[in-house]
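Here is how the chains run, residue by residue.
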Amino acid sequence: MKILAIELRRLELELVAPLVTATGEHRRRPIVLVHVETEEGGGNGECDALLEPGYTAEHADGAETVLAERLIPLLLAGAGEVGTAAEALARLALVPGNPMAKAALEMALLDAGLRAEGRSLASMLGATRPAIPAGATVGIGDTPAVVAAARAAAAVGYRRVKLKIAPGRDVAALGAVRRELSDVAIVADANGSYDLGHADDRAALRAIDALGLAALEQPLAAGDLAGSARLVSELVTPVVLDESIDSMAALEAALAAGACSGVAVKPARLGGVAAAVRVHDTCVAAGVHLSIGGMLEAGIARAASIAVGALRGFDLPGDLGSSDRYFRPDVTAPHVLVAGELPVPTGPGLGVVPDPAVVEAATARCRVFRAS
Ligand code: MG
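Not measured: the values here are computed from a predicted model.

It is worth spelling out the packing of helix H9 (residues 248–257) against helix H11 (residues 273–286) at this point. One way to put it is that H9 packs onto H11 with a least axis distance of 10 Å and a crossing angle of 15°. Classified by the angle their axes make, H9 and H11 are roughly parallel. The handedness of the crossing between H9 and H11 comes out as right-handed. On H11, the residues that touch Met 248, Leu 251 and Leu 255 of H9 are Arg 278, Val 279, Thr 282, Cys 283 and Ala 286. Looking at the contact of H9 with H11 residue by residue, the classes come out as 6 nonpolar, 1 polar and 1 charged.

When the domains of the chain are assigned, the result is domain 1 (3–118 + 352–370) and domain 2 (123–343). A straight line from the C-alpha centre of domain 1 to that of domain 2 covers 24 Å. Taken together, the contacts link 35 residues of domain 1 with 42 residues of domain 2. Summed over both sides, the interface of domain 1 with domain 2 buries roughly 2900 Å², with 74% coming from carbon and sulfur. Contact with domain 2 buries surface across domain 1, with Val 16, Tyr 55 and Val 352 losing the most and accounting together for 22% of the total. Between domain 1 and domain 2 we count 0 salt bridges in total.

Below, the discussion takes up the pattern of salt bridges. It is possible for side chains of opposite charge to pair when their charged atoms get near one another. Under the definition given, this model contains 23 salt bridges. Linking Glu 7 and Arg 9 is a salt bridge whose minimum nitrogen-to-oxygen distance equals 3.2 Å. Owing to a relative accessible area of 12%, Arg 9 belongs among the buried residues under this scheme. A salt bridge links Glu 64 to Arg 365, with the shortest nitrogen-to-oxygen separation between them at 2.9 Å. One end of the pair, Glu 64, is in helix H1 (residues 60–76); the other, Arg 365, is in strand E13 (residues 363–370), and 301 residues separate them in sequence. For Glu 64, a relative accessible area of 4% translates into the label buried. Here the residues in one salt-bridge network are Arg 10, Glu 12, Arg 28, Asp 61, Glu 64, Arg 365 and Arg 367, joined through shared partners.

The next point concerns the sheet that holds strand E2 (residues 24–38). Backbone hydrogen bonds hold the strands of a sheet together, and the pairing may be parallel or antiparallel. Spatial ordering of the open sheet is given by E3-E2-E1-E13, a layout of 4 strands whose pairing is antiparallel. Either end of the sheet is taken by a strand with one partner, and the two such strands are strand E3 (41–47) and E13. For this sheet the average axis-to-axis angle between neighbouring strands, irrespective of direction, equals 20°. Relative to E2, strand E1 (residues 3–21) runs antiparallel, the two sharing 14 bridges. Opposite Leu 11, over in E2, you have Ile 31 as the bridge partner. Its contacts with the sheet place H1 against E1, E2, E3 and E13, and it is angled at close to 160° to E1.

A word on H11. An α-helical segment advances 3.6 residues per turn. Residues three or four places apart therefore align on the same side. With 14 residues, H11 ought to run about 20 Å at 1.5 Å a step, and its terminal C-alpha atoms sit 20 Å apart, in line with that. Directly beyond the C-terminal end of H11, a positive phi value near 75° is found at Gly 287.

Cis geometry marks the peptide bond from Arg 328 to Pro 329; its omega dihedral reads 5°. Despite not being glycine, Asn 98 has its phi angle at roughly 55°, a positive value. Positive phi is not limited to glycine here, since Leu 296 has a value of about 55°. Along the chain, Leu 296 falls in the loop between strand E11 (289–292) and helix H12 (299–309). Owing to a relative accessible area of 10%, Leu 296 belongs among the buried residues under this scheme.

Bringing the pairing of E2 into the picture now. A loop of 2 residues connects E1 with E2, the two strands running antiparallel in sequence. Pairing between E2 and E3: 7 bridges, direction antiparallel. Residue Leu 33 lies in a different strand from E3, and its bridge partner there is Glu 46. Linking E2 back to E3 in an antiparallel pair, the connection comprises 2 residues.

Reading guide: rules and limits
- Residues numbered from 1 in each chain as written.
- Predicted model: local features only at pLDDT ≥ 70, side-chain atom pairs only at ≥ 80, totals over all residues.
- Heavy atoms only, no water.
- Axes fitted to C-alpha atoms, helices over the stretch in contact; angles between N-to-C directions.
- Helix = DSSP H or I, 4+ residues; strand = E, 2+ residues; numbered from the N terminus.
- Parallel < 35°, antiparallel > 145°, perpendicular 65-115°, else oblique.
- Left-handed = near helix turned anticlockwise from the far one by under 90°.
- Contact = heavy atoms within 4.5 Å.
- Nonpolar A, V, L, I, M, F, W, Y, C, P; charged D, E, K, R; others polar.
- Domains from an automatic or database assignment.
- Buried area = accessible area lost by both parts, 1.4 Å probe.
- Salt bridge = Lys/Arg side-chain N within 4 Å of Asp/Glu carboxyl O.
- Buried < 20%, exposed > 50% of the residue type's maximum accessible area, 1.4 Å probe, protein only.
- Pairing = 2+ DSSP bridges.
- Expected span 1.5 Å × (residues − 1).

Shown next as C-alpha cells:
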C-alpha cells in the first residue's frame, strides 16, 4: 500500500454523562482521528487515548504529538510505501510504547485496504456473529443513583451491566443492583484500586464474591500478578484482568502465574486489532475467558471493537454499548442497540465513515502530512 497523505485531526467531544471510575472522572473526551489517503483510496482510524494519563500512561495530547512527530513521519518516509497494515505497524516498532497512537494508524490502514477489497473487518477476522451482546457501564456514585442508572440501562434492553467500584464504594451499590436486576449479568470493575495488604479490602472482596457476579475486573494493581493469582484461587467469581494485560508478554506472565480467569481485550490498549486477535487466540488456547472492553470510543473505534468482539472466544459480558450512551451525536452514524445487542458492521472496511458536519463542528485543529 502506498500512502499519499495522512490527515491528523483533534476533536473535542463531551460525554453525554460523566463517568466516575476509581482512577478519576471522565467528562471531556478528546478524540484524535487519522485519515490515510492511499493510492487505492482512503481509510479512517481513531486514537482512544483519554484526556489524562490514569487508565494507562497514554493520553490524548501525548498520542497526538507522537503521531505528528514520530509515527506519521515514519510511515511517510520512503515515498509512503508501507506494504500491508502489519508491515506498517512493524515499522512503527522503532518507537517504543504508545499502543493507542499506533492502533489508530493500523485501524486507518486496515480500513483503507479492506475498502479497496470491498471486504468488512469482521469478515477479514473470521468473526461470524451478526451481533454482539451489548454492555452498559455505570460509574461510581451513591447507591440510589447507581441503582437508577443500572435500572435505566436494563429498561432499554441491556442484559449486561458493569459497575465501577472502589474501596468503600462497592458492596452496598453492587448488592442493591444485584437484588434489583436479578436477571442481568453484573460485572464489577475496580480499575486496580484494591490492595490485599489492607484487611478492609480483603473483607470487601470476600463480600463482593458472595454476590454472584459474572466477573470481577482488575481488582488489584496492574503489576500485582501474585495477588491476582491468590484471588483466582480464593474467589468463586471469575477474576478478569484489564490494565495488567498491555502486551503479549504481560499476558504470558499472567497466564504462567495463574493470575486471571479472564482477560478484557481492548484493541487500543494492546496496540491494535492484530494484537487484540493474538491475545484472543492465546486466551482461547489457554481456556481463559474473554470480554471485549470499551474505551469511551467514538463511532470509528467502536466499529472496530465490535468486529473484534464478534470473535468466537468472547464469552463474558463486554463493555461496548450503543453510541447514544456516550455521544449525541456520534462522529459516525450511531451504533444502535437492537434487542440488547449491537449489530456487527458489514460494510467494507470498518463499515462506518465520519459524518463531515459532526467532525467539523468538533474539530479543534487539523494538520495534513504528505509523502515526499
Ligand atoms: Mg476495566
